[in-house]
Amino acid sequence: GRTYASALALRAVTTDDFSGGACAAELLKERTGQVDGFSVLGGPVGDSRSVQRIAGFLAHAVGSRVVYADTWYLEAGLEKAPVILNGNPAGIFACNDRLAEAIIAFCRTGGRALPPLVGFDNAPVAERLRLTSIGIPWGVMVAHAADLVAERLQGSTAAARLTSLAHEPVLRLTA
(Lines give C-alpha, C1' and ligand atoms only; values in the text may rest on other atoms or scores of the structure.)
Protein backbone atom coordinates (compact mmCIF):
# COMPACT_ATOMS: atom_id res chain seq x y z
CA GLY A 1 0.00 0.00 0.00
CA ARG A 2 0.84 3.67 -0.18
CA THR A 3 2.71 5.18 2.67
CA TYR A 4 2.98 8.76 3.82
CA ALA A 5 6.62 8.74 2.64
CA SER A 6 5.60 7.79 -0.90
CA ALA A 7 3.14 10.69 -1.01
CA LEU A 8 6.00 13.07 -0.23
CA ALA A 9 7.80 11.87 -3.35
CA LEU A 10 5.37 13.59 -5.70
CA ARG A 11 6.98 15.76 -8.34
CA ALA A 12 5.34 18.34 -10.56
CA VAL A 13 6.02 20.65 -13.48
CA THR A 14 4.24 23.99 -13.73
CA THR A 15 4.59 27.51 -15.05
CA ASP A 16 4.77 30.76 -13.13
CA ASP A 17 1.69 32.82 -14.02
CA PHE A 18 2.95 35.77 -11.94
CA SER A 19 6.13 36.09 -14.01
CA GLY A 20 4.08 35.67 -17.20
CA GLY A 21 1.94 38.66 -16.21
CA ALA A 22 5.09 40.65 -15.40
CA CYS A 23 6.48 39.78 -18.82
CA ALA A 24 3.26 41.04 -20.47
CA ALA A 25 3.63 44.38 -18.64
CA GLU A 26 7.21 44.75 -19.77
CA LEU A 27 6.27 43.94 -23.37
CA LEU A 28 3.52 46.57 -23.37
CA LYS A 29 5.80 49.16 -21.79
CA GLU A 30 8.45 48.46 -24.41
CA ARG A 31 5.99 48.44 -27.30
CA THR A 32 4.21 51.66 -26.27
CA GLY A 33 6.98 53.64 -24.61
CA GLN A 34 4.50 54.21 -21.75
CA VAL A 35 4.81 53.17 -18.12
CA ASP A 36 1.14 53.48 -17.19
CA GLY A 37 -2.34 53.86 -18.63
CA PHE A 38 -2.78 50.14 -19.31
CA SER A 39 -5.82 47.93 -18.82
CA VAL A 40 -6.12 44.24 -18.04
CA LEU A 41 -8.92 41.94 -19.15
CA GLY A 42 -8.76 39.20 -16.53
CA GLY A 43 -10.39 35.83 -16.39
CA PRO A 44 -12.99 34.91 -13.77
CA VAL A 45 -12.60 36.55 -10.35
CA GLY A 46 -10.89 34.12 -8.02
CA ASP A 47 -9.41 31.89 -10.74
CA SER A 48 -5.83 31.37 -9.52
CA ARG A 49 -4.31 31.65 -13.00
CA SER A 50 -6.00 34.99 -13.58
CA VAL A 51 -5.16 36.23 -10.08
CA GLN A 52 -1.46 35.46 -10.52
CA ARG A 53 -1.23 36.84 -14.08
CA ILE A 54 -2.89 40.09 -12.99
CA ALA A 55 -0.70 40.36 -9.87
CA GLY A 56 2.44 39.97 -11.99
CA PHE A 57 1.21 42.57 -14.46
CA LEU A 58 0.29 45.05 -11.72
CA ALA A 59 3.69 44.58 -10.06
CA HIS A 60 5.24 46.06 -13.21
CA ALA A 61 2.45 48.40 -14.32
CA VAL A 62 1.11 49.84 -11.07
CA GLY A 63 -2.31 51.44 -11.28
CA SER A 64 -3.48 49.60 -14.38
CA ARG A 65 -7.24 49.23 -14.68
CA VAL A 66 -8.54 45.67 -14.28
CA VAL A 67 -11.82 44.36 -15.70
CA TYR A 68 -12.86 40.74 -15.13
CA ALA A 69 -14.62 38.53 -17.66
CA ASP A 70 -17.06 35.94 -16.30
CA THR A 71 -15.34 33.10 -18.19
CA TRP A 72 -12.18 32.54 -20.25
CA TYR A 73 -14.16 32.45 -23.51
CA LEU A 74 -14.64 34.81 -26.46
CA GLU A 75 -18.26 35.59 -25.61
CA ALA A 76 -17.38 36.80 -22.10
CA GLY A 77 -14.58 38.90 -23.55
CA LEU A 78 -16.96 40.49 -26.06
CA GLU A 79 -19.20 41.56 -23.16
CA LYS A 80 -16.28 43.31 -21.44
CA ALA A 81 -14.50 44.70 -24.53
CA PRO A 82 -16.47 47.98 -24.56
CA VAL A 83 -15.70 48.49 -20.87
CA ILE A 84 -11.96 47.95 -21.41
CA LEU A 85 -11.82 50.14 -24.51
CA ASN A 86 -13.96 52.90 -23.00
CA GLY A 87 -10.96 53.93 -20.90
CA ASN A 88 -8.79 54.44 -24.02
CA PRO A 89 -5.94 52.36 -22.61
CA ALA A 90 -2.36 52.81 -23.79
CA GLY A 91 -2.28 49.02 -24.12
CA ILE A 92 -4.22 45.96 -23.02
CA PHE A 93 -3.13 42.71 -21.40
CA ALA A 94 -5.70 39.95 -21.90
CA CYS A 95 -5.16 37.07 -19.47
CA ASN A 96 -5.73 34.54 -22.24
CA ASP A 97 -5.80 34.56 -26.03
CA ARG A 98 -9.57 34.06 -26.34
CA LEU A 99 -10.14 37.23 -24.34
CA ALA A 100 -7.61 39.01 -26.57
CA GLU A 101 -9.50 37.67 -29.59
CA ALA A 102 -12.62 39.37 -28.23
CA ILE A 103 -10.83 42.73 -28.04
CA ILE A 104 -9.64 42.33 -31.64
CA ALA A 105 -13.11 41.28 -32.87
CA PHE A 106 -14.79 44.18 -31.09
CA CYS A 107 -12.36 46.69 -32.57
CA ARG A 108 -12.66 45.25 -36.09
CA THR A 109 -16.46 45.15 -36.11
CA GLY A 110 -16.71 48.63 -34.63
CA GLY A 111 -14.08 50.17 -36.91
CA ARG A 112 -12.07 51.13 -33.86
CA ALA A 113 -8.28 51.32 -33.69
CA LEU A 114 -6.79 48.41 -31.76
CA PRO A 115 -4.47 49.49 -28.94
CA PRO A 116 -1.30 47.46 -28.39
CA LEU A 117 -2.43 44.08 -27.08
CA VAL A 118 -0.74 41.11 -25.42
CA GLY A 119 -2.50 37.80 -24.85
CA PHE A 120 -1.57 34.75 -22.79
CA ASP A 121 -1.19 31.02 -23.62
CA ASN A 122 -0.05 31.27 -27.27
CA ALA A 123 -3.08 29.20 -28.26
CA PRO A 124 -3.60 28.49 -31.99
CA VAL A 125 -5.91 31.51 -32.20
CA ALA A 126 -2.93 33.75 -31.32
CA GLU A 127 -1.00 32.58 -34.37
CA ARG A 128 -4.05 33.00 -36.62
CA LEU A 129 -4.58 36.57 -35.36
CA ARG A 130 -0.85 37.43 -35.35
CA LEU A 131 -1.22 38.22 -31.63
CA THR A 132 1.74 38.75 -29.34
CA SER A 133 1.21 36.26 -26.54
CA ILE A 134 2.91 34.99 -23.42
CA GLY A 135 3.35 31.35 -24.41
CA ILE A 136 3.20 28.31 -22.20
CA PRO A 137 6.35 26.27 -22.99
CA TRP A 138 4.42 23.11 -23.80
CA GLY A 139 7.32 21.24 -25.41
CA VAL A 140 9.63 21.74 -22.43
CA MET A 141 6.79 21.06 -19.99
CA VAL A 142 5.89 17.76 -21.66
CA ALA A 143 9.56 16.70 -21.78
CA HIS A 144 9.96 17.39 -18.04
CA ALA A 145 6.73 15.56 -17.23
CA ALA A 146 7.79 12.57 -19.35
CA ASP A 147 11.11 12.46 -17.48
CA LEU A 148 9.26 12.47 -14.16
CA VAL A 149 7.02 9.61 -15.29
CA ALA A 150 10.01 7.60 -16.54
CA GLU A 151 11.85 8.13 -13.23
CA ARG A 152 8.79 7.00 -11.29
CA LEU A 153 8.32 3.92 -13.49
CA GLN A 154 11.95 3.02 -12.84
CA GLY A 155 11.20 3.03 -9.10
CA SER A 156 12.55 6.42 -8.12
CA THR A 157 11.56 7.57 -4.64
CA ALA A 158 13.44 10.85 -4.82
CA ALA A 159 12.24 13.78 -2.75
CA ALA A 160 9.41 15.97 -3.99
CA ARG A 161 10.41 18.59 -6.51
CA LEU A 162 8.43 21.36 -8.16
CA THR A 163 9.82 22.56 -11.48
CA SER A 164 8.48 25.97 -12.46
CA LEU A 165 9.15 26.94 -16.07
CA ALA A 166 9.36 30.43 -17.48
CA HIS A 167 6.87 31.49 -20.12
CA GLU A 168 8.00 32.20 -23.66
CA PRO A 169 6.95 35.57 -25.11
CA VAL A 170 5.91 35.11 -28.73
CA LEU A 171 6.20 38.43 -30.51
CA ARG A 172 3.83 39.13 -33.38
CA LEU A 173 2.22 42.23 -34.82
CA THR A 174 -1.55 42.00 -34.90
CA ALA A 175 -2.82 42.80 -38.39
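Parameters and conventions
Residues numbered from 1 in each chain as written. Predicted model: local features only at pLDDT ≥ 70, side-chain atom pairs only at ≥ 80, totals over all residues. Heavy atoms only, no water. pLDDT = per-residue confidence, 0-100. Contact = heavy atoms within 4.5 Å. Helix = DSSP H or I, 4+ residues; strand = E, 2+ residues; numbered from the N terminus. Expected span 1.5 Å × (residues − 1). Buried < 20%, exposed > 50% of the residue type's maximum accessible area, 1.4 Å probe, protein only. Polar contact = N/O pair within 3.5 Å; in protein donor to acceptor, adjacent residues only side chain to side chain. Pairing = 2+ DSSP bridges. Axes fitted to C-alpha atoms, helices over the stretch in contact; angles between N-to-C directions. Core = buried A, V, L, I, M, F, W, Y, C linked by side-chain atoms within 4.5 Å. Disulfide = S-S within 2.5 Å.

1. Some remarks on the confidence of the model for the chain
With 93% of its residues at a pLDDT of 70 or more, the chain shows a mean pLDDT of 89. Scored below 50 in pLDDT, residues 1-8 makes 4 contacts in the model with residues more than four places away or belonging to other chains.

2. Things to note about helix 2 (residues 17-32)
Three- or four-residue spacings in an α-helix give side chains the same orientation, since the helix completes a turn every 3.6 residues. For helix 2, which comprises 16 residues, the first-to-last C-alpha distance of 23 Å matches the rise-based estimate of 22 Å (1.5 Å per residue) to within 8%. Looking only at helix 2, the buried set comprises Asp17, Gly20, Gly21, Ala22, Ala24, Ala25, Leu27 and Leu28. At the N-terminal boundary of helix 2, the capping side chain belongs to Asp16, with an oxygen 3.1 Å from the backbone nitrogen of Phe18. In the segment just after helix 2, Gly33 is the residue with positive phi, at about 75°.

3. What about the sheet that holds strand 8 (residues 168-170)?
Whenever strands of a sheet pair, they do so through backbone hydrogen bonds, lying parallel or antiparallel. Spatially, 6 strands are ordered 3-2-4-5-6-8 in an open sheet, and the strand pairing comes out mixed. Of all strands in the sheet, those with a lone pairing partner are strand 3 (65-68) and strand 8, marking the two edges. Looking at each pair of strands side by side, their axes are set apart by 20° on average, direction ignored. As defined by bridge partners, strand 2 (residues 38-42) adjoins strand 4 (residues 91-94) across 4 bridges and the pair is classed as parallel. The residue bridging Leu41 from the neighbouring strand is Ala94, located in strand 4. Running at roughly 150° to strand 5 (residues 117-121), helix 5 (residues 97-110) makes contact with strand 2, strand 4, strand 5 and strand 6 (133-135) of the sheet.

4. Digging into the nonpolar core
Core analysis: the largest hydrophobic core is formed by 35 residues, its most contacted members being Phe57, Phe93, Ile103 and Leu117. Those elements that provide at least two residues to this core are helix 2, strand 2, helix 3 (48-60), helix 4 (74-86), strand 4, helix 5, strand 5 and helix 6 (124-129). Counting residues per element, this core draws most heavily on helix 5, which supplies 5 residues. In contact with Phe93, not counting residues within four places along its chain, are Gly21, Ala24, Leu28, Ser39, Val40, Leu41, Arg53, Phe57, Val118, Gly119 and Phe120.

5. Focus on unusual backbone geometry
The phi angle at Asn88 is positive, at roughly 45°, despite the residue not being glycine. Along the polypeptide, Asn88 turns up in the loop between helix 4 and strand 4. Its identity is not glycine, yet Asn122 carries a phi of approximately 55°, on the positive side. Structurally, Asn122 is set in the loop between strand 5 and helix 6.

6. Section: the state of the cysteines
Applying the stated rule across the entire model yields 0 disulfides. Cysteine Cys95 remains unbridged, with the sulfur of Cys23 as its closest cysteine sulfur at 13 Å. Residue Cys95 is classed as buried on the basis of its relative accessible area of 0%. Cys107 forms no disulfide, and the closest cysteine sulfur to it belongs to Cys95, at a distance of 17 Å.

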